[in-house]
Amino acid sequence: MQPKYELADIINKNYLQLDQITLNRWKLRTLKAIASCRTSNLGYHIDKCSNPDCNKIHISYNSCRNRHCPKCQGNKREEWIRKRESELLNVPYYHTVFTLPEELNRLCLIYTKTIYDALFKIAWSVIKDFAGNHKFMGAKTGMIAILHTWGQNLSLHPHIHCIIPGGGINGSGKWKQAKGRDKYLFPVKALSQVFRARYVEFLRGNLALEDDLYKSLFSKAWVVYCKRPFYGPGQVIEYLGRYTHKIAISNHRIKSVDEDYVCFTAKDYRHAGERHIIKLSEKEFIRRFSLHILPRGLTRIRHYGIMGSAIKNSILPLLKVDTGTASFPARDKIKHKVCPYCKKGDLVTVAVIKPRGPPVYFHMPLKSVSA
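Residues numbered from 1 in each chain as written. Predicted model: local features only at pLDDT ≥ 70, side-chain atom pairs only at ≥ 80, totals over all residues. Heavy atoms only, no water.

A.B. asks: Sorry, what's going on with the overall build of the protein here?
C.D. replies: Within the protein, the secondary structure is distributed over ten helices and 14 strands. Overall size of the protein, expressed as C-alpha extent along the three principal axes, is 65 × 55 × 40 Å. Classification of the 371 residues of the protein by burial places 48% in the buried group. The contacts in the protein between residues at least 6 apart in sequence include a share of 70% that link residues at least 24 apart. Split by element, the accessible area of the protein, about 20300 Å² in all, is 51% carbon and sulfur. (Helix = DSSP H or I, 4+ residues; strand = E, 2+ residues; numbered from the N terminus. Buried < 20%, exposed > 50% of the residue type's maximum accessible area, 1.4 Å probe, protein only. Contact = heavy atoms within 4.5 Å. Areas by Shrake-Rupley, 256 points an atom, 1.4 Å probe, with all protein chains shown as cover.)

Put into structure tokens, the structure is as follows:
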């Protein structure tokens, strides 16, 4: 169902006042892309029906393809998930979340890339070392890590979701099951303490900060959240489908927009996930959304160890011999755009017309009516 209100509408309505919000050029550029998505500002493309009895032409506005745009994530998510299906082993997978304390929010705004890169690097170092410890696993494992920076109310809440296989490669190159089967992969309290110590050590060595900050960071426990294992690789895929290409807020959560305020739904996890309405001024809504526009070049989905791109193509086929091939529920084929006239043929792009530069034309492929 098409949402009644969209993020793009709110940005367009306040675009001339964006200079009143403290935003850098990259964030302004991102907001402009979202506001222009699927409008004449980005040009259009011409599709032709593949049904020879139809051959109708269909014209559509181009998408911005920005990773922060709520209208451009569906196809990217589906393509990414299908690639992961071929990489998952037939073993338990565990979900661990590393969260930065709110005392570091100010640094996240000033040294964004440094702070987030360190979050990935240190979380992996902790997981890798715990996995290498014979007390817990004694093997080389892997990890998929996904950065989220928001809370339900659009406040800054940086954390990474980590998907970790319940085992790894031993010294003989064979699969070794983790000792925490059917329980938590690693002890939460120990993970939290090591994560805090290593991150504070990184801050001391790389940023000149006041001593009071370090004292406050050690005065409270850091949050490392661990869940019990997924039921199987199929549940991992379902989970990744919800989280990989998620953005700070979807259009469906925006419930009303009036002259001055935006109302949107948010879950209250302190009260069993109950939904409630948050009301913000339009400028405050845009400011909070902009907190979650990542710096240019910052990768928000990363793969490590045996799940890293450098070795997974060579090592995973060998591990599947030991663990077996994971099975997944049947998935529908990626849907092509169906001709709105005949409802039979696929729409095939034959030309892309951009607002600047010459148009790009494509050859119409020889294709019969889709099944």
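Continuing now.
A.B. asks: Would you mind showing me how to read the packing of helix H3 (residues 74-85) against helix H8 (residues 233-243) here?
C.D. replies: Geometrically, a packed helix pair is captured by the angle between its two axes and the distance between the axes. Between H3 and H8, whose axes approach to 10 Å, the crossing angle comes to 155°. Relative to H8, H3 is oriented roughly antiparallel. In the packing of H3 onto H8, the handedness of the crossing is right-handed. When H3 is examined against H8, the residues Arg 77, Trp 80, Ile 81, Arg 84 and Glu 85 are found in contact with a partner set consisting of Ile 237, Leu 240 and Gly 241. (Axes fitted to C-alpha atoms, helices over the stretch in contact; angles between N-to-C directions. Parallel < 35°, antiparallel > 145°, perpendicular 65-115°, else oblique. Left-handed = near helix turned anticlockwise from the far one by under 90°.)

A.B. asks: Is there a simple way to explain unusual backbone geometry in this structure?
C.D. replies: Working note: non-glycine residues mostly have negative phi, and peptide bonds are mostly trans. Phi at Arg 65 takes a positive value of approximately 60°, unusual for a residue other than glycine. Within the fold, Arg 65 resides in the loop between strand S2 (57-61) and H3. Although it is not a glycine, Leu 154 adopts a positive phi angle of roughly 70°. Following the sequence through the fold, Leu 154 ends up in the loop between strand S4 (142-150) and strand S5 (156-165).

A.B. asks: Would you mind showing me how to read the pattern of salt bridges here?
C.D. replies: Under the counting rule described, the total for this entry stands at 14 salt bridges. Two residues, Glu 282 and Lys 13, come together in a salt bridge whose shortest N-O distance is 2.9 Å. Linking Glu 282 in helix H9 (residues 282-290) with Lys 13 in helix H1 (residues 7-13), this pair joins segments that are 269 residues apart in sequence. Take Glu 282: its relative accessible area is 4%, and that puts it in the buried class. (Salt bridge = Lys/Arg side-chain N within 4 Å of Asp/Glu carboxyl O.)

A.B. asks: Would you explain the nonpolar core in this entry?
C.D. replies: Within soluble globular proteins, side chains that are nonpolar tend to cluster in buried spots. One finds Phe 98, Phe 195, Tyr 199 and Leu 203 to be the most contacted residues of the largest nonpolar core, which totals 48 residues. Among the elements that make up this core, the one with the highest residue count is helix H5 (residues 112-132) (twelve residues). Excluding residues that lie within four positions of it along the chain, Tyr 199 makes contacts with Leu 100, Leu 104, Ile 115, Ala 118, Leu 119, Ile 122 and Trp 222. Counting residues in hydrophobic clusters, the runner-up holds 29 residues, among them Cys 64, Val 262, Phe 264 and Ile 278. (Core = buried A, V, L, I, M, F, W, Y, C linked by side-chain atoms within 4.5 Å.)

A.B. asks: Is there a simple way to explain the confidence of the model for the protein in this structure?
C.D. replies: Where the model shows low pLDDT, its predicted coordinates should not be examined in detail. Counting all residues, the mean pLDDT for the protein is 88, and 93% of those residues have values of 70 or more. No element of the protein has a lower mean pLDDT than strand S14 (residues 360-361), which averages 72, and none a higher one than H5, which averages 97. In the model, residues 366-371 has pLDDT below 50 throughout and makes ten contacts with residues more than four positions away in sequence or in other chains. (pLDDT = per-residue confidence, 0-100.)

A.B. asks: It is not clear to me how the sheet that holds S2 should be interpreted in this structure. Could you clarify?
C.D. replies: Within a sheet, adjacent strands bond to each other through the backbone by hydrogen bonds, running parallel or antiparallel. Taken in spatial order, the four strands make up an open sheet running S2-S1-S13-S14, and their pairing is antiparallel. The strands lining the two open edges of the sheet, one partner per strand, are S2 and S14. With six bridges connecting them, strand S1 (residues 44-49) and strand S13 (residues 347-353) associate as antiparallel partners. Note on S13: the bridge partner recorded for Tyr 44 is Ile 353. (Pairing = 2+ DSSP bridges.)

A.B. asks: Help me out: how do you make sense of a positive patch on the surface in this one?
C.D. replies: Taken together, the side chains of Lys 246, Lys 255, Lys 267 and Arg 275 make up a positively charged region of the molecular surface. As for its position among the elements, Lys 267 is in strand S10 (residues 261-268). (Patch = residues over 30% accessible without salt bridge, like charges linked within 9 Å, V, L, I, M, F, W, Y side chains within 5 Å. Lys, Arg positive; Asp, Glu negative; His and termini not counted. Charge placed at Lys NZ, Arg CZ, Asp CG, Glu CD.)

A.B. asks: Quick question: what am I supposed to make of the sheet that holds strand S12 (residues 301-305) here?
C.D. replies: Spatially, five strands are ordered S8-S3-S5-S4-S12 in an open sheet, and the strand pairing comes out antiparallel. Only two strands of the sheet have a single neighbouring strand rather than two, namely strand S8 (224-226) and S12. On average, each strand axis in the sheet is tilted by 20° relative to the strand beside it, whichever way the strands run. The sheet contact formed by strand S3 (residues 93-99) and S5 spans seven bridges and is antiparallel. Paired with Phe 98 across the bridge in S5 is Ile 160. Those strands touched by H8 are S3, S4 and S5, and its axis lies near 160° from that of S5.

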